[in-house]
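Fold and geometry: a report
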Amino acid sequence: MHWSEELAHKIIERNPDKEEYVCAAGVSPSGSVHIGNFRDFATPLFVVKALQKQGKKARLLVSWDEFDRCRKIPANVQAVVGNTYDKYIGCPYVDIPDPWGCHESYAAHFEEEFLKGIEPFGMELDLRYQAQMYRSGKYTKDILEAIQKRDEIFEILDSFKTKDTTKSEEELKQEHDAEKAAYSPVSIFCPECHTDFTTITRFSEDGTEADYTCRCGHCGHFDFKTDFNCKLGWKVDWAMRWRYEQVDFEPGGKDHAAPTGSYNNSKIISKKIFGYEAPLFQGYEFIGIKGMTGKMSSSSGLNLTPDTLLKLYQPEVLLWLYAKTDPTKAFDICFDDGILRQYFEFDKMLTDCREGKANELTQTILYNCTVNGREPVTVPMSLLVQLGSVVNFNIPMLETVFEKIGTPYKETEFADRLSRAKFWLEQCAPDQVNRLRTTRNWELFRELDDNAKKTIALLHAYIAKGGYTLDELNAELYAIPKQVYGTDMTDKELKAVQGTFFKNVYKLLIDKERGPRLYLFLYAIESEKYVGLLDFSYPQTEEEKAADAPAEECCAAPEEVEKDRTPDPVEPVKEQITIDEFGKLDLRVCQILKAEGVRKSHSCLKLTLDDGLGERVIMSSIKEEYSPEELVGKKIIVVANLKPNRICNVNSQGMLLAGTNNACGCKVIFVDDSVPTGTQIK
């Protein structure tokens, strides 16, 4: 039985006659909502599906905790606003302006970002916006109840605290009594500075009114019956909302599930203060990141949002990762080639289901991964990565390749995955891009012994002759080493020489020891494109000699180098400017996502950059100084607010910083990789 079905059974057993079951999730829009938070949504989503499968009415209730106080400004926001948003620490997120100015508030910006990002999953959500709930007075009765029972709430919370064993009982009692007298389950937002840095100095006898002071100096009187700009503390708020929404199930991170964690605190408050049996709770393990550095946190600015992950993973595959893993177990979001293994495992499981070979557990996992209106086609992701890069992701050529190897996939079948394969290669694994050499690899060939050279000659002759099938080519690849080295070898020895032969072929063709499955690779690609790279029957050409020449051989003579590299005269310092004038320049760190030549320009490279907010393109005349490959992934400084300029029919949105001098040419200023993308230079 799947874990979601086990939870559904427990929910029904607790309240078998309930008309509709409520599975809840909550998230604070403190920044971009990362994929780790998605477990808060996926876990109850699968439980809702399990309840519905059993004929029960159930819904997924999602609360936006936008009325939470701001505790820190995440890095990606700081990159936009600098330290100017520090003044909003202590304000509810709903009252903070949108840093980008495109939404009515900070909260609205990140809420819409996340909701748009999860649209491909097709989830039906019953949304609650907590600022609206509080400020409309819907929780007034519950707030008054908490205030009137504040002493009891304090005792519950205090029972979970670790006591200082170095203090005497009398000291602990005095400390306890002082804290109890000062305790309030509710915080008031100051009408002057809009923060919750307020202290309630007096409650009325019935708890309906209070006097308070604020850190900003404001003093005021608050009537909880008519004033609604206040909020219950987290553990009280959680328990209160369980009762208000009649919640039956809610998951939470393993920190909430700890013995002294939020759930156990709120569970007792729910029962003793609000008279409501706390919902069934499931703690979950956090998500790991493999192949990428950085802690996944919305406050850190590492924007691993669902929208970002969907550029790598199909929605079904992401859901599958969550569905197949028990909530108490961790799993990895992979940016390395582990993602190819995940696609392979998903495809195998999906194929078993479609062919009726899957057991009940597997069927349930795939049921939870279903997205209405989508039917994934199991085109091997590894093949799309390997062969796609060889044909430069040219769709007609890729269709031809698939036709030739006996899997005639069409664009409509592989397009959904092809874009993700291309994104993964370019952004996560540029070293795995396969490109045919343009000249024969004489340097390697000269290092081969006579037998190794014979294997290459035999392969060239076989490919040049043509007329073979895919299976015949595969058999020939394994037979060639036997022809040269003989059959009087152990299996281990034979595998060794075959492995060396394969490595040599790969290095001669793509400068790597490994690549796509060799027989598929050689069969799929037009032989005319590579057969010449295996032909060493004629001498090395002048072009090949030039290509293989060491770097120093291509340089001018020492005396000419000295002459050519005389530094330019040092120019005098320009007219002084004020700090305000300098402040008009928006210099920020950008990461190069893509670099490519432009057909109409002999000097410019077209650079696609991540500036922390999105993508921008700039044209830069550095083509003679850098190859595109050595620029991808590097971080540079760009003048981001320079008026766009049209260069070679490309709208160039900024200018990079570089040092230009006769002594060195044009050298781009690179930034340490630890500096986050979008950081402003001040």
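Quick summary incoming for the structure in this document.

What counts, and where the lines are drawn
- Residues numbered from 1 in each chain as written.
- Predicted model: local features only at pLDDT ≥ 70, side-chain atom pairs only at ≥ 80, totals over all residues.
- Heavy atoms only, no water.
- Helix = DSSP H or I, 4+ residues; strand = E, 2+ residues; numbered from the N terminus.
- Buried < 20%, exposed > 50% of the residue type's maximum accessible area, 1.4 Å probe, protein only.
- Contact = heavy atoms within 4.5 Å.
- Lys, Arg positive; Asp, Glu negative; His and termini not counted.
- Charge placed at Lys NZ, Arg CZ, Asp CG, Glu CD.
- Expected span 1.5 Å × (residues − 1).
- Pairing = 2+ DSSP bridges.
- Right-handed = clockwise from strand over helix to strand, strands pointing away.
- Phe/Tyr/Trp six-rings, centres within 6.5 Å; stacked < 30°, edge-to-face > 60°.
- Lys NZ or Arg CZ within 6 Å of the ring centre and 35° of its normal.
- Arc of directions from axis to C-beta.
- Core = buried A, V, L, I, M, F, W, Y, C linked by side-chain atoms within 4.5 Å.
- Patch = residues over 30% accessible without salt bridge, like charges linked within 9 Å, V, L, I, M, F, W, Y side chains within 5 Å.
- Areas by Shrake-Rupley, 256 points an atom, 1.4 Å probe, with all protein chains shown as cover.
- Salt bridge = Lys/Arg side-chain N within 4 Å of Asp/Glu carboxyl O.
- Polar contact = N/O pair within 3.5 Å; in protein donor to acceptor, adjacent residues only side chain to side chain.
- Axes fitted to C-alpha atoms, helices over the stretch in contact; angles between N-to-C directions.
- Parallel < 35°, antiparallel > 145°, perpendicular 65-115°, else oblique.
- Left-handed = near helix turned anticlockwise from the far one by under 90°.

Our focus in this paragraph is the overall build of the protein. Counting its regular elements, the protein contains 27 helices and 22 strands. With the principal axes as the frame, the protein shows a C-alpha extent of 105 × 80 × 55 Å. A total of 682 residues make up the protein; the buried ones form 47% of that total. Across the protein, the fraction of contacts at a sequence separation of at least 24, relative to all contacts at a separation of at least 6, is 69%. For the protein, the distance from the average site of its 85 positive side-chain charges to the average site of its 108 negative ones is 2 Å.

So, on to helix α1 (residues 3-14). Look at α1: 17 Å from first C-alpha to last across 12 residues, which is about the 16 Å you get at 1.5 Å a residue. Among all positions of α1, only W3, S4, E5, L7, A8, I11 and I12 are buried. Buried residues along α1 sit in contact with β1 (20-27), α2 (38-53), β9 (249-253), β10 (280-284), α13 (315-324) and α15 (360-369).

A large share of β1 lies buried, amounting to six of its eight residues. Sheet analysis places β1 next to strand β2 (residues 57-64), joined by eight bridges and oriented parallel. Residue pairing in the sheet places E20 in a bridge with K57 of β2. A crossover connection joins β1 to the parallel β2 through α2; in handedness this β-α-β unit is right-handed.

This part covers the packing of aromatic side chains. Applying the stated criterion to the full structure yields 36 aromatic pairs. Judged by centre distance (6.3 Å) and plane angle (70°), the ring pair of W238 and Y263 falls under edge-to-face. A residue pair is termed long-range when its members are at least 10 positions apart, and W238 in helix α9 (residues 234-245) and Y263 in helix α11 (residues 262-272) qualify at 25 residues. Of the two residues, W238 and Y263, both sit in the buried class. Here a set of aromatic residues connected by ring pairs shows up, and it is made of F67, Y134, Y139, F189 and Y244. Here the guanidinium or amino end of K404 rests over the ring plane of Y523, the centre of that ring lying 5.6 Å away.

This paragraph deals with α11. When we look at burial in α11, the residues that qualify are S262, Y263, N265, S266, I269 and S270. One face of α11 carries all of its buried residues, which in axial projection span an arc of 160°. Looking at the packing, one finds that the buried side of α11 touches α7 (150-159), α9, α10 (254-257) and β10.

Within the largest apolar cluster, 110 residues are counted, with the highest numbers of intra-cluster contacts made by F38, Y313 and I333. For this core, the leading source of residues is α2, giving nine residues. Among residues more than four places away in sequence, those in contact with Y313 are L318, L321, I333, C334, I339, Q342, Y343 and R420. Core analysis: the next-biggest nonpolar cluster, separate from the first, contains 42 residues, Y212, W242, F274 and Y276 among them.

Here we come to a nonpolar patch on the surface. A cluster of nonpolar side chains, namely I577, I579, F582 and L585, defines an oily patch on the protein surface of about 400 Å² accessible area. Inspection of the secondary structure puts F582 in helix α26 (residues 579-583). Judged by its relative accessible area of 32%, F582 falls in the partly exposed class.

This part is about the side chain of K49. Inspection of the secondary structure puts K49 in helix α2. One buried charged side chain, K49, makes no salt bridge at all; its nearest oppositely charged neighbour is E124, positioned 9.9 Å away. Only 3.5 Å separates the side chain of K49 from the backbone oxygen of T370, close enough to count as a polar contact. Beyond its immediate sequence surroundings of up to four residues, K49 is in contact with Y367, N368 and T370.

Where α7 contacts helix α8 (residues 169-182), the axes come no closer than 9 Å and their chain directions differ by 135°. Between α7 and α8, the crossing angle belongs to the class labelled oblique. Crossing of α7 against α8: the hand is right-handed. Here D151, F154, E155 and D158 of α7 come into contact with α8, specifically with H176, E179 and K180.

Let's shift gears to the pattern of salt bridges. One pass over the structure, following the stated rule, counts 40 salt bridges. Across the pair D95 and R135 runs a salt bridge whose closest N-O atoms are separated by 2.7 Å. In this pair, D95 sits in the loop between α3 (75-81) and α4 (106-117) while R135 sits in helix α5 (residues 130-135), placing the two residues 40 residues apart along the sequence. Take R135: its relative accessible area is 32%, and that puts it in the partly exposed class.

Topologically, K271 is positioned in helix α11. With a relative accessible area of 47%, K271 lands in the partly exposed category. Excluding its chain neighbours within four sequence positions, the residues that come into contact with K271 are Y276 and E277. Side-chain polar atoms of K271 contact the side chain of E277, separated by 3.1 Å.

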